[in-house]
Each structure stands twice: as C-alpha cells, then as structure tokens.
Amino acid sequence: MTAAYDLCCRECGKSYGVQPLSICDECFSPLEVVFDLEYARTRFTRQAISLGPLNMWRYRALLPVSDTYEPETPAGFTPLMQAPRLGARIGARNLFLKNDAVCLPTLSFKDRVVAVALANAQAFGFDTVGCSSTGNLANAVAAGAARLGLKTFILVPSDLEPAKILNTQVYGATLVRIDGNYDHCNRLCSQIADRYNWGFVNVNLRPYYAEGSKTVGFEIAEQLGWRLPDNIACPMAGGSLITKIRKAFSELVALGLVEDKPVKFFGAQATGCSPISLAVKNDTDIIEPQRPNTIARSLAIGNPADGPYASRAIRASGGWAEDVSDVEIVSAIQELAETEGIFTETAGGVTTAVTARLYAHGRIHPDELTVACITGNGLKTTDCLHGAYKQTEAIRPRLSDFEAFVEEQNATNLELSPALSLAGDSHVR
Amino acid sequence: MSVKVLLPNAFQKHTNNVREIASTAANLSELVTDIEGRFPALRQHLRGEDGQIRRFINFYVNEEDIRFLGNDKYSFKEGDEVLVIPSIAGGCA
C-alpha cells in the first residue's frame, strides 16, 4: 500500500484505491476504508494527538482525508461524563455517558461522519451532495454543506419530526419528502446516485463517512486516560456506529496507544424496529428486514445495511443486544434528564433504557467501566413528550402567592410515590 | 406477461452496460436464471461459493422488499417493476 488508506472489499479483498464508490464490482459486497497502520504508526501517537485541535480532527491520521486537507467543519470532542445519579437508579457504579447530544454543529454524532464525508465530496469534486436520512444526518449534511458552499438534495420520510425537518430547511437545503419510510428513501438514493454525478454521503461516500464514527471510540479511550472500557452500550440504526467504535479500539491497540483488553459491545434498538437485536438474540448475522413502527424514528431502519456486521461484532465480543418499548423510551429520556441533566432524543432514550435493562438482567456487572453512547439531542424530538408535563396556573407577582404555590407543591409531592421508576428498574435486584 | 427489471451500476461491468431488461420470469428464481442466461459473466459474481445469491443483493418489487412478499413464492404480475440493489454498508471491523 502506498497511500495512507485504501478502499477494499471486506468480503473478497479487492482493492479500489481512493474513489467515490461503495460496492465491490466483483462480489457486490460493501467496501471499507483500510488504513496502512505502519504508515500511521509515526503519525498517530498520543503526543501528536494532544497537539491537535480540540475536535475530531485531532485523530485525522486515521481518518480518510489527504495530508493537506484543512478542516472547516469542526465537530466532536464531546464530554465523557460520569453518571452517578443515573447509575444509582439502575444499579451501576461505574457508568459513563458519551454525550453527543452536544456534538457541534447540529447536536448529534452525525456531525462527525458528515465532516469526513463532505471533506471527501470536495476532494472528489462534487458540487452537489445528498443523503437519505432519518433526520439527524439530514441536519448535519445541510449544515455542513452550507458551510462549504455545496448544493444539497436530502431525502427524508414524510413523517419525520417537525424539528428535524426545520433543522434541515433552515440551512437552505433542498429537502425531498418521500412518501415512505427510511428504507424507501435509501433505496431511491441508491438509484439517484447511480444516475447523477453527486456525492451521496451514505451511498457512494459511505465508506469514508462511516470512518468518522471511529472518532467516538478514539475520544472515549483518550478521555478515559488512554484505556479501554469494559463495556460499550450503543444505539443501532444501520448498525455502523457500533462496528466503527470497535474498529477504533482495534486500531488504538494495534498502534500501542492503549493496552489490549476485551471490550463487550451491547446494542440498543426499539422493539418496533429491532432487526439487529433480534439477530443477536437468535445468534445469527442474517438480518430479517422489518417494517419500522416506533417513536425512535432516528433508529427506524428496517433493513440495516451494517446489521450483519453489527450482529457479528456484538456476538464476537461476548456482548448482547436488547430492545425496548416506546413507553420505556420516553421514561428513559425523562430519567436521564432528571438524573444527569442531559436531554436526549428518542435514540438516547433507547440506549438509556437498554442500558438499565442490561444491568437489571445481570449482563453488565455494576462495577464494570461502562460507557453508554448518547447520540442525539432531545430538542429535536420534543413531540414524544407532548402532554407529559402539565402547565400550572400563572400566579400573581406576589410573595404570598409564591408561598401558597410552594405549599401546594409540597402537598402534591407528598401524595406522589418517592421516585419514578426507570424502564427496567423493576427488575433491579 | 413481462416485468421491467432495473439493474444497478455495479452490475454494468458484467452486463455490457445494460441497465434495464424486460423479463417473462414468473418469479424470483426464474428471474435470476433469466439474468444469468443473458449475462453469463454475471453469474459467478452474483452467487457465492455456496451457489446462493449473495446476501448483499436485494430485490424489490414496486418499492417493496421481495422478502416481505414471500421471496420465491411471489408471482410476478404484468407491469411489475423489479429493482436489484446491493446493500450499502460502511463495512465491518
């Protein structure tokens, strides 16, 4: 290998150099970016990283961009936070949250993958970019393209949350609402990418795009003081993120930045769209497609392209996958906000509820260092909390009124049970 | 009875750049045989070592995944449009 990285077919091994392509023309399997780790060895060091910017580009030596690329879309380096109060509720003593609810610029982990995809779109000379999206990717592509002056065509299911639609259109993107679900959008995108010479971040740019997810794993290891956790709990839509965190850890081990140790990977889905979780439970990497029916629309991919790889990675690690109901998802969103001050979207509710269940069922030991990945922001899916909080009557601006209000509150609180129970909490021993 | 079949760019190297065919196949199994008959070079690429169609290749009928319609059990109808689309995944680790 002469370049820092190369596009390769993971099934048959055919090499494609660096070009906008995602499917092997020999066996029609997905292509993946593979790095020359020997070349990276002198460039991807703890010291070199520490001198880099406080964003995901500090790991650029293992991201598929040229040595001369000047990043214009800083994203990542989000907080890794201990979660003692949530932990106390769910029986965890060493729980951390990777908080991509505050990933910039559009408040989801998709800003990371889009930063890498658009860098490649520019390098390949595309003036128009696009994607199929369940929302967060649409927001990230729209914002990133606006910053780089690229034209956009973004395909979304027509029933997407209003906030995610607004958060795409505000950047001037051309939004195409599709009368169908994400899988319909994605299929149409494949056809469009075959016809038009555009850069679709999750079609012909997908191998590059997916590498951006590795930065979640690099950051977790660095923020833990260059060590790996015992467990990762991660939401799954297409199934890419969990495999890329695993790849990041493998690369860190191969280059000697962290000590090798087993890490278990746990996947989280909504029961209304759980093809990967089901495959893991059935001990297979064959994915049976589903028709999604869940409020967790950002995870509603019924035919997840990376599903086989995600299932394989989880099972090979000794981990597990679970899925939770819509009611549990909403409870978990509230619980995470109340205990740790993090307002996540439905996908984060899925991860939180599944994490709780994993402790409850004894699949994660309370003392193990566990990182749950929160990938999106609750301000984008406020509709799922519609009617959850009643508004009190306005009081006059008088101290007496305030005192009466406090008295009333105290009386109400006494009537209520001591604590809301988190999804899965009833199983806690 | 004839159905319209749209082939992906990834196949074109093996189909002399043919993107679209009309087929009289009655079902998926017959359609695959028809495609392989027209484009013999495609056959070895379409099937894995086990002789089965590679799992990353998806078939859709009028926007519906053929797996939801019963795969081989589905009988094509006049005017059906069949899409052949490889899965696009980010690759594995």
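Residues numbered from 1 in each chain as written. Chains lettered and ligands numbered in written order. Predicted model: local features only at pLDDT ≥ 70, side-chain atom pairs only at ≥ 80, totals over all residues.

Undergrad: An account of helix 9 (residues 214–223) of chain A is needed here, citing residue identities and associated values.
TA: Residues and elements named next belong to chain A. Here helix 9 lies mainly inside the structure; nine of its ten residues are buried. Listed in full, the buried residues belonging to helix 9 are K214, T215, V216, G217, F218, E219, I220, A221 and E222. Residue G225 follows helix 9 closely and has a positive phi angle near 85°. (Buried ≥ 20, exposed ≤ 12 C-beta atoms within 10 Å, placed from the backbone. Helix = DSSP H or I, 4+ residues; strand = E, 2+ residues; numbered from the N terminus.)

Undergrad: Tell me what's going on with the environment of A:Y196, and back it up with residues and numbers.
TA: With respect to the element layout, A:Y196 can be found in the loop between helix 7 (182–195) and strand 9 (199–200). Sequence separation of A:Y196 and A:A372 is 176 residues, and the distance between their C-alpha atoms is 39 Å.

Undergrad: A description of the sheet that holds strand 2 (residues 15–17) of chain A should follow, citing residues and the corresponding values.
TA: All names here are of chain A. Reading across the sheet, the three strands line up as 2-1-3 and stay open at both edges, with antiparallel pairing between neighbours. Among the strands making up the open sheet, the edge pair consists of strand 2 and strand 3 (31–35). Each adjacent strand pair in this sheet contributes to an overall mean axis angle of 35°, direction not counted. The sheet contact formed by strand 1 (residues 5–9) and strand 3 spans five bridges and is antiparallel. Looking at the pairing, L7 lines up with V33 of strand 3. (Pairing = 2+ DSSP bridges. Axes fitted to C-alpha atoms, helices over the stretch in contact; angles between N-to-C directions.)

Undergrad: Pulling in residues and values, what's your account of the interface of chain A and chain B?
TA: With 35 residues of chain A at the interface, the matching set in chain B holds 22 residues. Contributing elements (two or more residues each) for the side of chain A that touches chain B: strand 3, helix 7, helix 8 (206–211), helix 10 (240–254) and helix 12 (307–317) of chain A. Broken down by element, the residue count for the side of chain A that touches chain B peaks at six residues, all from helix 10 of chain A. (Contact = placed C-beta atoms within 7 Å.)

Undergrad: Give me unusual backbone geometry: which residues, what numbers.
TA: Residue A:P105 is bonded to the preceding A:L104 through a cis peptide linkage, with omega at 5°. Structurally, the position occupied by A:P105 is in the loop between strand 5 (95–99) and helix 4 (110–123). In this structure, A:F77 takes a positive phi of about 50° despite not being glycine. Relative to the assigned elements, A:F77 resides in the loop between helix 2 (46–50) and strand 4 (80–82). The backbone phi angle of B:N62 is positive, close to 45°, even though this residue is not glycine. In this structure, B:N62 sits in the loop between strand 3 (57–61) and strand 4 (64–65). Looking at B:N62, the number of C-beta atoms within 10 Å reads 12, which means it is exposed.

Undergrad: Hey, could you go over the sheet that holds strand 8 (residues 174–178) of chain A for me, with residue numbers and the actual values?
TA: Residues and elements named next belong to chain A. If you trace the four strands from one edge of the open sheet to the other, you get 8-7-6-9, paired in parallel fashion. Bordering the open sheet on either side are strand 8 and strand 9, each of which pairs with just one other strand. Direction of pairing for strand 6 (residues 128–132) relative to strand 7 (residues 151–157): parallel, over a ladder of five bridges. Each residue of the ladder has a partner; that of V129, found in strand 7, is T152.

Undergrad: Explain the packing of helix 13 (residues 326–340) of chain A against helix 14 (residues 346–360) of chain A to me, and be specific about the residues and the numbers.
TA: All names here are of chain A. Helix 14 packs onto helix 13 with a crossing angle of 90° between their chain directions and a minimal axis gap of 7 Å. The angle between helix 13 and helix 14 falls in the class roughly perpendicular. For the pair helix 13 and helix 14, contact is made by E328, I329, V330, A332, I333, E335 and L336 and by T346, G348, G349, V350, T352, A353 and A356, respectively. Of the residues contributing to the contact of helix 13 with helix 14, the split by class is eight nonpolar, four polar and two charged. (Parallel < 35°, antiparallel > 145°, perpendicular 65-115°, else oblique. Nonpolar A, V, L, I, M, F, W, Y, C, P; charged D, E, K, R; others polar.)

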